[in-house]
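Here are the chains, one letter per residue:
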Amino acid sequence: MSDFPVPTMPAPPVSVVGLGQLGGSLAAALAGAGRPVTGWDVDPAARDAAEDQGVRISQELTGVVVLAVPLPVMGSALTGLRIDPGATVTDLGSVKVPVLAELGAAHGDRFVGGHPMCGTERSGHTAVDPGLFTGARWALCLEPGTDLRRWLRVAEIALAVGAEVVPVTAAEHDDAVAAISAVPHLLAAALAAAAGQAGPLALSLAAGSFRDGTRVIGSDPAFVTTLVEGNAGPTAAALDRVRAQLARPWADLVADGHAVRAAAVGRRPVRVPLDRTALLALGRAGGAVTRRLAAFVEGWVPEGA
């Protein structure tokens, strides 16, 4: 365990590439906490907004480099920038298996895939919120080849901005996120489109249920399309499960869905060693890491897990 960075060691600087809602919020939160943070974006307005939040603007990247850019440009985001060859590289992308294949090949064990489960239907630098990550789950990929020391450095960033870290593999992440993110976007689109077909009277009567059920499809259509098509296999499987549910007797479906949504889940505190198997077991049990110690992490799992 002596090879692991310990909490008393100086934290490495953070460099954020892409200063829209997620990247800009992360950079602003870190800067507000006194963490050395550099940012870059191709949009001058985004750079100016980040600089106003205390972020140093530079094309020289070091420490932990965070790619907060759209999935289609993830592989080219560092082109033309100067990156320290020893830097750890992570990302905030909503799909992990394709990103791992591309960036893992480029950066080897320096790459740690990540995905904070937060954000809104808004986008761009005008949607930046330094409190965006508070209380959010931040999925952080632990593959067989992941350097656990680098994984810890990325985990420390997530914890520093108030998130809880969920250790996962890329494949596990994509299966889970298909069910709770990609499918809800498709269902929101279907609900909105069907209501539109019902006519102007239906839309004029729409209230809270319709608003809440369609909120996420207010997101940029290009983002949603990339989200679902980039994770097509798991999304199709998750959508099939929804179709099977809709085919059930309605009373049974309503009762079972209500039970899942209304279930109160308590938390049991745990301490987990810095070991890949133990950390993944925590994530698979539905738990998360909340604090970094020298040779352990502290966190929680659901009661009964």
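Structure shown above.
Residues numbered from 1 in each chain as written. Predicted model: local features only at pLDDT ≥ 70, side-chain atom pairs only at ≥ 80, totals over all residues. Heavy atoms only, no water.

Chemist: Just give me the short version of the side chain of Ser 58, but keep the residues and values in it.
Modeler: Mapped onto the secondary structure, Ser 58 falls in the loop between strand E3 (56-57) and strand E4 (60-61). On the basis of relative accessible area, Ser 58 is assigned to the buried category, the value being 10%. Separated by 3.0 Å, the side chain of Ser 58 and the backbone nitrogen of Glu 60 make a polar contact. In this structure Ser 58 touches Thr 38, Gly 39 and Trp 40, once residues within four positions along its chain are discounted. (Helix = DSSP H or I, 4+ residues; strand = E, 2+ residues; numbered from the N terminus. Buried < 20%, exposed > 50% of the residue type's maximum accessible area, 1.4 Å probe, protein only. Polar contact = N/O pair within 3.5 Å; in protein donor to acceptor, adjacent residues only side chain to side chain. Contact = heavy atoms within 4.5 Å.)

Chemist: Any chance you could break down the sheet that holds strand E2 (residues 37-40) for me, citing the residues and the numbers?
Modeler: The strand order across the open sheet formed by six strands is E3-E2-E1-E5-E7-E8, and the pairing between neighbours is parallel. The open sheet has two free edges, formed respectively by E3 and strand E8 (111-112), since each of these has just one partner strand. Examined bridge by bridge, strand E1 (residues 14-17) and E2 share four bridges and lie parallel to one another. Bridging across to E2, Val 16 finds its partner in Gly 39. (Pairing = 2+ DSSP bridges.)

Chemist: Talk me through the side chain of Ser 25; I want residue IDs and the actual numbers.
Modeler: Within the element layout of this structure, Ser 25 appears in helix H1 (residues 21-32). For Ser 25, the side chain forms a polar contact with the main-chain oxygen of Gln 21, separated by 2.5 Å. For Ser 25, the residues in contact, after removing those within four places along its chain, are Gly 20, Ala 127, Val 128, Asp 129, Pro 130, Leu 132 and Phe 133.

Chemist: Lay out the packing of aromatic side chains with the relevant residues and their values.
Modeler: Here the structure, examined in full by the defined rule, presents one aromatic pair. The ring of Trp 40 carries Arg 47 above its face, with NZ or CZ at 4.5 Å from the centroid. (Phe/Tyr/Trp six-rings, centres within 6.5 Å; stacked < 30°, edge-to-face > 60°. Lys NZ or Arg CZ within 6 Å of the ring centre and 35° of its normal.)

Chemist: Can you lay out the packing of helix H5 (residues 170-198) against helix H9 (residues 232-246) for me, pointing to particular residues and giving the numbers?
Modeler: Orientation of H5 relative to H9, taken along the N-to-C sense of each, is 65 degrees, at an axis distance of 8 Å. One way to sum up the angle between H5 and H9 is to call them roughly perpendicular. In this structure, H5 meets H9 at a crossing whose hand is right-handed. Contact residues: Asp 174, Asp 175, Ala 178, Ala 179, Ala 182, Val 183, Leu 186 and Leu 187 in H5; Pro 234, Thr 235, Ala 238, Leu 239, Arg 241 and Val 242 in H9. The class makeup of the residues in the contact of H5 with H9 is 10 nonpolar, one polar and three charged. (Axes fitted to C-alpha atoms, helices over the stretch in contact; angles between N-to-C directions. Parallel < 35°, antiparallel > 145°, perpendicular 65-115°, else oblique. Left-handed = near helix turned anticlockwise from the far one by under 90°. Nonpolar A, V, L, I, M, F, W, Y, C, P; charged D, E, K, R; others polar.)

Chemist: Any chance you could break down the pairing of strand E14 (residues 296-302) for me, citing the residues and the numbers?
Modeler: On a regular strand, each side chain points to the face opposite its neighbour's, so the side chains alternate between the two faces of the sheet. When you tally the buried positions in E14, you get five out of seven residues, the bulk of the element. Pairing analysis gives seven bridges linking strand E12 (residues 267-273) to E14, with the strands arranged antiparallel. Each bridged residue has a counterpart across the sheet, and for Arg 267 the counterpart in E14 is Pro 302. Note: strand E13 (residues 288-292) against E14, four bridges, orientation antiparallel. Looking at the pairing, Ala 288 lines up with Trp 300 of E14. Hairpin geometry of E13 and E14 is characterised by an intervening segment of three residues between the two adjacent antiparallel strands.

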